[in-house]
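As a plain string of letters, each chain reads:
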Amino acid sequence: LEAPVPGPVPTEIKLISAKATFEQNNSSLSVKGSIDNDRVTGWAVDPQFGKNHAAVFEFENPVGFGADHAGTIFTFEFEFNNNTNHSIGRPRLSITTKPAPVSIEGDATPQKIIELLTTLKKAGSVDKLTGAQLADALSWYRNFDPKWNELNGKVQASLAAKPKAQTVKVMVCSEGHKPMKHHADDRGFPHFYKDTYQLSRGDVNQKKDVATQGFLQIATRGGKSEAFWQTTAPPAGSKPSYRRTALANWITDVNSGAGHLLARVIVNRLWQHHLGRGLVATPSDFGMQGDRPTHPELLDYLATELIKNDWHLKPIHKLIMTSSAYMQSSEHDSGNESLDPRNALLWRGNFRRLEAEAIRDSMLAIGQQLDATMFGPGTLDEAMKRRSIYFFIKRSQLIPILTLFDMPEPLTSQGSRPTTTIAPQALLFMNNPQVRQYATGFAKRITGKDTTPEQAVTKAYKIALCREPSKAEIADNVAFIKEQQASYEAAKKGNAADLALTDFCQVMFCLNEFVYVE
């Protein structure tokens, strides 16, 4: 109701556009029910009792009686007809001249602020407040400071303009979740069943006892049972059974589980990756049928360092790559070779060829054609510009450049990759249209309007081989470029200079130094 001042007769005002910080999930108990002229309906906040809630309404028409009156008296009447136990505890009303308030502040702890102000009034000084009380007071008061609101508005605008991280769901493979289709076919991962049974004669229709989780006894010490590593009380509402957590607990347990064996196996794989051959030459067999470690103390030291670094692999990568063994020369020594022809004792650095994927990706990167887009579906298109990891694996349609450079058999686990040297590898570098395309991009990268052949050759060596060319190499390559250019000009090719430079770049890809790590 509103009434003029002076003026004895109030008039009814209609409220519209009801909004609230919280309302019950029921049309008859929503905030709109408080202004629908139905005495049965009303605003309720079950079960959010004891919290600060707010509601905002708009007047249907402008209010007030103008300059002819001293003011306007507003009278608000509350009725609690639904449940008298759910009345408003500490109502507070305010009116704003803003045309359409859009923000509603709920649960802003006004009662805490009231109690704090009472404490401050009794204390008589801000110095008497605790750090937490002072922080609460500043957090509440700053919203009334125009300067703070101005600066905070700029901060929020800057945060709103901040680039958003692109989240992509790559794969879901966990108990209790609907399986996703993987990239190989449309069957997806199978559902995870709660129990696994022992089967009579292998017949799925003749289930016997439940097969409980267990671990390899040969890698278990101290007589521990599987219950020692299992999670007895998963978090409330958890979908997984936590069997994989138990496996992780066992496999990393250095006291009673397989922790020490795991550490040795993984650091041996890292050593193999960087030096071409593991300290144990059979990376998938540390048992009696596998090779003995060439440097057992070194293997144990690396395993201990991995455990000390909380199983983080990067410190071990750094430790290996800064070692004398990794950084030593690959220079040949006939005396050492006669004693250790396989270089098992690491008297020199090994020549190691790049993996098939790294060879292709390196040519793409050097030719400035690599598409760095991450995630998403794969393909069987040989002309794809993304990293080789995004190729499908299809037995009847393998990627030639990967198979020629010994991509491992995808259907079985591979502890190490073979390294072969066959004629088709050289023929691929000379004739493959994708390699020619990469070389064309490389040629565009090293040339320019005023670039001389000598400068182009020098830049190519720095990019492809990470070193300066010798004077003899510059002379030989410049002579090759000029010879090729003359040949194209004799054949009346219009872009003879570009074609000759592309030939040179293609030759750079053919070098052993490009595909081998020395």
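Computed from a predicted structure; not experimentally measured.

Draft legend 1. View of the overall build of the protein chain. Of the regular secondary structure elements, the protein chain holds 17 helices and eight strands. For 518 residues, the compact-globule estimate of 2.2 N^0.38 gives 24 Å, and the protein chain exceeds it by more than 25% at 38 Å. For the C-alpha atoms alone, the extent of the protein chain along its principal axes is close to 115 × 75 × 60 Å. Here the protein chain holds 518 residues, and 25% of them are scored as buried. Sequence-distant contacts, at least 24 apart, represent 50% of the contacts inside the protein chain between residues at least 6 apart. A total of about 35000 Å² of accessible surface is found on the protein chain, and carbon and sulfur atoms cover 54% of it. Where the 59 positive side-chain charges of the protein chain centre and where its 55 negative ones centre are 1 Å apart.

Draft legend 2. Spatial organisation of the pattern of salt bridges. Taken as a whole and assessed by the stated rule, the structure comprises twelve salt bridges. The salt bridge partner of arginine 436 is aspartate 503, with a shortest N-O separation of 2.6 Å. Of the two residues, arginine 436 sits in helix 13 (residues 433–446) while aspartate 503 sits in helix 16 (residues 496–510), which places them 67 residues apart along the sequence. Aspartate 503 gets classed as buried once you look at its relative accessible area, which sits at 9%. Three or more residues joined by partner-sharing salt bridges are found here, namely Lys147, Glu150 and Lys154.

Draft legend 3. Fine view of the packing of aromatic side chains. Evaluated as defined, the whole model comprises seven aromatic pairs. One aromatic cluster in this structure is built from Phe215, Phe228, Trp229 and Trp250. Geometry around tryptophan 347 places arginine 348 over its ring, the cationic atom sitting 5.2 Å from the centre.

Draft legend 4. View of the nonpolar core. Ranked by internal contacts, the top residues of the largest apolar core, which has 39 residues, are Met363, Phe442, Ile446, Phe504 and Phe509. Every element with two or more residues in this core is listed here: helix 10 (356–366), helix 11 (400–404), helix 12 (423–431), helix 13, helix 14 (453–465), helix 15 (471–490), helix 16 and helix 17 (512–515). No other element matches helix 14, which puts seven residues into this core. Setting aside residues up to four positions removed in sequence, phenylalanine 442 forms contacts with Ile366, Gly367, Ala460, Ile463, Ala464, Cys505, Met508 and Phe509. Ala263, Val267, Ala303 and Leu306 belong to the second largest nonpolar core, which has 15 residues in total.

Draft legend 5. Representation of a nonpolar patch on the surface. A cluster of nonpolar side chains, contributed by Phe76, Phe78, Phe80, Ile88, Leu93 and Ile95, occupies part of the molecular surface with about 580 Å² of accessible area. Its place among the elements puts phenylalanine 80 in the loop between strand 4 (71–74) and helix 1 (110–123). Phenylalanine 80 sits in the partly exposed class, given a relative accessible area of 36%.

Draft legend 6. Structural context of the packing of helix 13 against helix 14. Direction vectors running N to C along helix 13 and helix 14 enclose 120 degrees, while the axes themselves pass 9 Å from each other. Taken together, the axes of helix 13 and helix 14 are oblique relative to one another. Crossing hand, helix 13 versus helix 14: right-handed. Contacts between helix 13 and helix 14 involve Phe442, Arg445 and Ile446 from the former and Ala456, Lys459, Ala460, Ile463 and Ala464 from the latter. Of the residues assigned to the contact of helix 13 with helix 14, the class counts are six nonpolar, no polar and two charged.

Draft legend 7. Summary view of the environment of leucine 199. Relative to the helices and strands, leucine 199 resides in strand 5 (residues 197–199). Since its relative accessible area comes to 33%, leucine 199 is described here as partly exposed. Put simply, leucine 199 and aspartate 209 are ten residues apart on the chain and 8.1 Å apart in space, counted from C-alpha to C-alpha. For leucine 199, the contacting residues outside a window of four places in its chain are Val204, Gln206, Lys207 and Lys208.

Draft legend 8. Expanded view of unusual backbone geometry. Although it is not a glycine, serine 17 adopts a positive phi angle of roughly 50 degrees. Here serine 17 is to be found in strand 2 (residues 15–20). Assessed through its relative accessible area of 38%, serine 17 is described here as partly exposed. Of note, the phi angle at aspartate 310 is positive, near 55 degrees, even though the residue is not glycine. Within the secondary structure layout, aspartate 310 lies in the loop between helix 6 (296–308) and helix 7 (314–321).

Draft legend 9. Region of the structure containing the side chain of aspartate 406. Relative to the helices and strands, aspartate 406 resides in the loop between helix 11 and helix 12. A polar contact is formed between the side chain of aspartate 406 and the side chain of arginine 353, at a distance of 2.7 Å.

Draft legend 10. Region of the structure containing the state of the cysteines. One pass over the full model with this rule turns up zero disulfides. Considering cysteine sulfurs only, cysteine 505 is the nearest to cysteine 466, which forms no disulfide, with 15 Å between them. For cysteine 466, a relative accessible area of 67% gives the class exposed. Between cysteine 510, a cysteine without a disulfide, and cysteine 505, which holds the nearest cysteine sulfur, the sulfur-to-sulfur distance is 11 Å. Assessed through its relative accessible area of 35%, cysteine 510 is described here as partly exposed.

The rules behind each value
- Residues numbered from 1 in each chain as written.
- Predicted model: local features only at pLDDT ≥ 70, side-chain atom pairs only at ≥ 80, totals over all residues.
- Heavy atoms only, no water.
- Helix = DSSP H or I, 4+ residues; strand = E, 2+ residues; numbered from the N terminus.
- Rg over C-alpha atoms; globule rule 2.2 N^0.38 Å.
- Buried < 20%, exposed > 50% of the residue type's maximum accessible area, 1.4 Å probe, protein only.
- Contact = heavy atoms within 4.5 Å.
- Areas by Shrake-Rupley, 256 points an atom, 1.4 Å probe, with all protein chains shown as cover.
- Lys, Arg positive; Asp, Glu negative; His and termini not counted.
- Charge placed at Lys NZ, Arg CZ, Asp CG, Glu CD.
- Salt bridge = Lys/Arg side-chain N within 4 Å of Asp/Glu carboxyl O.
- Phe/Tyr/Trp six-rings, centres within 6.5 Å; stacked < 30°, edge-to-face > 60°.
- Lys NZ or Arg CZ within 6 Å of the ring centre and 35° of its normal.
- Core = buried A, V, L, I, M, F, W, Y, C linked by side-chain atoms within 4.5 Å.
- Patch = residues over 30% accessible without salt bridge, like charges linked within 9 Å, V, L, I, M, F, W, Y side chains within 5 Å.
- Axes fitted to C-alpha atoms, helices over the stretch in contact; angles between N-to-C directions.
- Parallel < 35°, antiparallel > 145°, perpendicular 65-115°, else oblique.
- Left-handed = near helix turned anticlockwise from the far one by under 90°.
- Nonpolar A, V, L, I, M, F, W, Y, C, P; charged D, E, K, R; others polar.
- Polar contact = N/O pair within 3.5 Å; in protein donor to acceptor, adjacent residues only side chain to side chain.
- Disulfide = S-S within 2.5 Å.

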